[in-house]
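# Results of the structural survey
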Amino acid sequence: MSTSNLDNLKAASNLGDIDLLYTVIQDDPSILDNIDSIQFVETPLHIAASRGHIQFSIEVMNLKPSFAWKLNPQGFSPIHLAMQNGEKRMVSRLVDMNKDLVRVKGREGFTPLHFASQIGEVAILTEFLSACPESIEDVTVRGETALHVAVKSNNYEAFHLLVTFLRTSMERGARKLEYKILNRKDEVDNTILHILVQRNFEPQVKDALGLLLKTKINIQAKNMDTKTAFDMSANVDIRSILLCAGAKPGLPVSNIPTHGHKPRSKTAIIDNGLIWIRSIRRDISEDQRNTWLIVVTLVATATYQSALSPPGGVYQANATDNTVNTFSNSTNAGKSVLSRNGFIVFSLANMVSFFASIIAIFILTPSGLVGALVFVPVGWFVVCYLFSMGKISPTCTNSIIVNIAMFSIGFLAFCSAIIVYFRLQQERNAKKKSRS
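What this report covers is the structure whose coordinates are included nearby. (Residues numbered from 1 in each chain as written. Predicted model: local features only at pLDDT ≥ 70, side-chain atom pairs only at ≥ 80, totals over all residues. Heavy atoms only, no water.)

The secondary structure content of the protein amounts to 22 helices and zero strands. Looking at the protein as a whole, 43% of its 436 residues are labelled buried. A sequence separation of at least 24 residues applies to 70% of the contacts in the protein between residues at least 6 apart. (Helix = DSSP H or I, 4+ residues; strand = E, 2+ residues; numbered from the N terminus. Buried < 20%, exposed > 50% of the residue type's maximum accessible area, 1.4 Å probe, protein only. Contact = heavy atoms within 4.5 Å.)

Written as structure tokens, this is what we have:
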């Protein structure tokens, strides 16, 4: 490699001049290979990425993909330099070309995900997690996850995003991953809870703590000094929150606060329901989903059939016996022969089974247009079931009570399913937009 060719290559990288790049290559075809043979080197991709020359960077990366993984003498890769210089579009293009670049480790084991958590770039963080979910498992040389870095840097918006990602992930084995990441210890065995409770008690810290205590965090985890998060906190309010969550001191502690308040969750009930539904969907295979759909459909059909033909049958219009006259038989035609109390027991058991099956169908049905179409026939199926149960009720009073109870439960269950479904659809569309 001649000095003049290296100077021209550097000038081309600084200017983003593709023509000059190929002029240098024509003069020295092995120049890129020679640069690649050096372990720690500033490649043309480093220079172009740091200056935001997107087209030039893509050209170089196509010619020499290994340059994207190279570290310069300061321990940074091209994507690290692009982030340091605020070249967000460059970062996005690099990740589009190779999603695994989110996991490239630079100085002190920092990945681009760690760096985004440190500087609080939530948009880039979202893009990284969407492109490469596995990157959340990476740790620095100090054993820090992106969550550790976010808390230490007081970037609580990034922290919320990372925790929410873990809780709502649809990947297989996500529950185990959530527990593993949330309870990961750094070089001195501090979990993110140990670090968080040492922050000043501010609204952001309170919200972050409330969110964390709703996850699979181990509140009794001890660090190298055998201290729990409770022991690490010097703030009375934080200690009160931890006590309400069931935390106990790992060391003898005096002046434990006796007053406290339970942290109020900003997560609505519907959001908790969404998280529960996601955990079900992500932990079953397609074959298991199909099997369970068949089972719950059969259960729903069987319970509906029992509403049409209850135990003992129904009175017929032409039935006569010694105890019931013709007028009463005509009045009771189509009514269940069960007593009032017997029918209540039957209807409640039948109703629980039926609605559990319907809710299971909603949960197991895949999202999308086909899933949306399922709601219409299933909804009318529920209406027909309720109407049938009301009609066979043996007494007018009993019929009214049963109708009110079943219509109320059915309406709430159906509305909840609709809301959950469309919330899932909104999140799905949001993910698609973020990727595009």
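Turning next to the nonpolar core. With 70 residues, the main nonpolar core has F128, L147, F159, L193, L209 and L242 as its most contacted residues. It is helix α11 (residues 156-168) that provides the largest number of residues to this core, a total of seven residues. Counting 18 residues, the second-largest nonpolar core is a separate cluster that includes A307, F346, V378 and V382. (Core = buried A, V, L, I, M, F, W, Y, C linked by side-chain atoms within 4.5 Å.)

Let us look at the packing of aromatic side chains. Inspection of every chain in the model, using the stated rule, returns one aromatic pair. A ring pair is formed by F354 and F355, whose centres lie 5.5 Å apart and whose planes are at 80°; its orientation type is edge-to-face. With a relative accessible area of 0%, F354 lands in the buried category. For F355, a relative accessible area of 6% translates into the label buried. Between the NZ or CZ atom of R239 and the centre of the ring of F230, over which it lies, the distance is 4.7 Å. (Phe/Tyr/Trp six-rings, centres within 6.5 Å; stacked < 30°, edge-to-face > 60°. Lys NZ or Arg CZ within 6 Å of the ring centre and 35° of its normal.)

Turning to the environment of D96, a few remarks are in order. By the secondary structure assignment, D96 is in helix α7 (residues 88-97). Relative accessible area serves as the criterion here: at 54%, D96 is assigned to the exposed category. Sequence spacing of D96 and A131 is 35 residues, and the spatial spacing of their C-alpha atoms is 8.1 Å.

Looking now at the side chain of T140. In this structure, T140 sits in the loop between α9 (122-131) and α10 (146-152). The class for T140 is buried, based on a relative accessible area of 5%. Contact partners of T140, with chain neighbours within four places excluded, come to E108, G109, F110 and H114.

On to unusual backbone geometry. Unlike most non-glycine residues, E108 shows phi in positive territory, near 60°. Mapped onto the fold, E108 is located in the loop between α7 and α8 (112-119). Although it is not a glycine, D189 adopts a positive phi angle of roughly 65°. Among the residues examined, D189 registers a relative accessible area of 28% and is labelled partly exposed.

The subject of this paragraph is the packing of α7 against α9. Viewed as axis vectors pointing N to C, α7 and α9 meet at an angle of 0°, and their least axial separation amounts to 11 Å. Of the possible angle classes, the one that applies to α7 and α9 is roughly parallel. Contacts from K88, V91, S92, V95 and D96 of α7 reach α9 at I124, E127, F128 and A131. For the contact of α7 with α9, a count of residues per class yields five nonpolar, one polar and three charged. (Axes fitted to C-alpha atoms, helices over the stretch in contact; angles between N-to-C directions. Parallel < 35°, antiparallel > 145°, perpendicular 65-115°, else oblique. Nonpolar A, V, L, I, M, F, W, Y, C, P; charged D, E, K, R; others polar.)

Structurally, the position occupied by S357 is in helix α20 (residues 340-364). A polar side-chain atom of S357 sits 2.9 Å from the main-chain carbonyl oxygen of S353. Ignoring any residue separated from it by four or fewer positions in sequence, one finds S357 in contact with V296, V299 and A300. (Polar contact = N/O pair within 3.5 Å; in protein donor to acceptor, adjacent residues only side chain to side chain.)

A contiguous nonpolar surface patch, about 260 Å² in accessible area, is contributed by W292, V295 and V299. Within the fold, W292 resides in helix α18 (residues 286-308). (Patch = residues over 30% accessible without salt bridge, like charges linked within 9 Å, V, L, I, M, F, W, Y side chains within 5 Å. Areas by Shrake-Rupley, 256 points an atom, 1.4 Å probe, with all protein chains shown as cover. Salt bridge = Lys/Arg side-chain N within 4 Å of Asp/Glu carboxyl O.)

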